[in-house]
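# Residue-level structural notes
Okay, here's what each chain looks like letter by letter:
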Amino acid sequence: MSAEPSPEHLRALILASQTIAVLGAHADRGRAAHYVPAYMAENGCRVVAVNPTLAGGGLFGEPALARLAELSAPVDMVLVFRRSECLMDHVPEILAMAPRPAVVWFQLGIRNDGAAAALRAAGIDVVQDRCLMVDHRRLVGARG
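Small disclaimer: the values here were computed from a predicted structure and weren't measured.

Here we take up the overall build of the protein. Broken down by element type, the protein carries five helices and seven strands. Shown N-terminal to C-terminal, the secondary structure of the protein runs as helices and strands in the order α-β-α-β-β-β-β-α-β-α-β-α. Compactness check: the protein gives a C-alpha radius of gyration of 14 Å against a globular reference of 15 Å for 144 residues, within 12% of the reference. Expressed along its principal axes, the backbone C-alpha trace of the protein runs to roughly 35 × 35 × 25 Å. Of all 144 residues assigned to the protein, the portion counted as buried reaches 48%. For the protein, the proportion of contacts with a sequence separation of at least 24, taken over those separated by at least 6, is 64%. Carbon and sulfur atoms make up 52% of the accessible area of the protein, which amounts to about 6900 Å² in all. The average position of the 14 basic charges and that of the 14 acidic charges among the side chains of the protein differ by 3 Å.

This is the structure in structure tokens:
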């Protein structure tokens, strides 16, 4: 699916994603790589930070990990906060996940058509250049 996903498809992906690994999560509360996953955690998702600089600590109520390979349980979504030019380096790591996530979401401003095509070829839904928090608020609604 290379076309823009429909609002219905985005809503279905969001609702089905109760466990999210955040590749490139950040501890700085002022950065999108922190407040977007924090928002998802506040709205009932289990959120696991994946960033070598945070490993050994905790974020979003879970231990932070250095790599996706360290996940001890399946995730529904990998939410990506990495530069577009770095994404191809993460494709093998994502494809090695067992089971694979149903969706990989490249956050707003992040797009790599080659990485997206490789993930889609493996049966993974890919959303590019969209803010998960904005789409969640618009299509699902925040708690409280």
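Here the narrative resumes, following the displayed structure.
Our focus in this paragraph is the packing of helix α2 (residues 32-42) against helix α5 (residues 132-139). At a minimum axis separation of 9 Å, α2 and α5 run at an interaxial angle of 35°. On α5, the residues that touch Tyr35, Val36, Tyr39 and Met40 of α2 are Leu132, Met133, His136 and Arg137.

On to empty space enclosed by the protein, then. Scanning the model with the defined rule gives one cavity of 30 Å³ or more in all. Approximately 30 Å³ is the volume attributed to the largest cavity. Of the residues that constitute the lining of the largest cavity, the class distribution is seven nonpolar, one polar and no charged.

Below, the discussion takes up the sheet that holds strand β6 (residues 103-106). The strand order across the open sheet built from five strands is β2-β1-β5-β6-β7, with neighbouring strands paired in parallel fashion. One side of each edge strand has no neighbouring strand; the edge strands of this open sheet are β2 (46-50) and β7 (125-127). Taken pair by pair, the neighbouring strands of this sheet meet at an average axis angle of 20°, ignoring direction. Packed onto the sheet, helix α1 (residues 7-16) meets β6 and β7 and runs at close to 110° relative to β7.

The periodicity of an α-helix, 3.6 residues per turn, causes residues three or four places apart in sequence to face the same way. Of all the residues in α5, the buried ones are Leu132, Met133, Asp135, His136 and Leu139. Buried residues along α5 cover an arc of 165° about the axis, so they all sit on one side. Where the residues of α5 are buried, they touch α1, β1 (19-23), α2, β5 (77-80) and β6. Looking one or two residues beyond α5, the residue adopting positive phi is Gly141, at roughly 100°.

Counted as a void, the largest pocket has a volume near 300 Å³. Forming the boundary of the largest pocket are 18 residues, of which Leu23, Gly24, Asn51, Phe81 and Arg82 lie nearest the centre. Here the lining of the largest pocket is built from residues that sort into eight nonpolar, five polar and five charged.

Next up on the list: the nonpolar core. Residues Ile20, Leu79, Trp105 and Leu132 are the most contacted members of the largest nonpolar core, which totals 28 residues. Sorting the residues of this core by element identifies α1, β1, α2, β2, β5, β6 and α5 as the ones contributing at least two each. When residues of this core are assigned to their parent elements, the largest contribution, five residues, is made by α2. Once residues within four sequence positions are removed from consideration, Trp105 is found in contact with Leu10, Ile14, Met77, Val78, Leu79, Val80, Val127, Arg130, Cys131, Leu132 and Asp135.

All right, on to the pairing of β5 then. Here β5 shows a buried face lined by Met77 and Leu79 and a second buried face lined by Val78 and Val80. Relative to β5, β1 is paired through four bridges, and the arrangement is parallel. For Val22, the partnering residue across the bridge sits in β5 and is Leu79. With helix α3 (residues 87-95) bridging β5 and the parallel β6, this β-α-β connection has right-handed handedness.

Cut-offs and rules
- Residues numbered from 1 in each chain as written.
- Predicted model: local features only at pLDDT ≥ 70, side-chain atom pairs only at ≥ 80, totals over all residues.
- Heavy atoms only, no water.
- Helix = DSSP H or I, 4+ residues; strand = E, 2+ residues; numbered from the N terminus.
- Rg over C-alpha atoms; globule rule 2.2 N^0.38 Å.
- Buried < 20%, exposed > 50% of the residue type's maximum accessible area, 1.4 Å probe, protein only.
- Contact = heavy atoms within 4.5 Å.
- Areas by Shrake-Rupley, 256 points an atom, 1.4 Å probe, with all protein chains shown as cover.
- Lys, Arg positive; Asp, Glu negative; His and termini not counted.
- Charge placed at Lys NZ, Arg CZ, Asp CG, Glu CD.
- Axes fitted to C-alpha atoms, helices over the stretch in contact; angles between N-to-C directions.
- 1 Å grid on protein atoms, 1.4 Å probe; cavity = no way out; pocket = protein on both sides within 12 Å on 5 of 7 lines; lining within 4 Å.
- Points joined across faces, edges and corners; volume = space filled by probe spheres on them.
- Nonpolar A, V, L, I, M, F, W, Y, C, P; charged D, E, K, R; others polar.
- Pairing = 2+ DSSP bridges.
- Arc of directions from axis to C-beta.
- Core = buried A, V, L, I, M, F, W, Y, C linked by side-chain atoms within 4.5 Å.
- Right-handed = clockwise from strand over helix to strand, strands pointing away.

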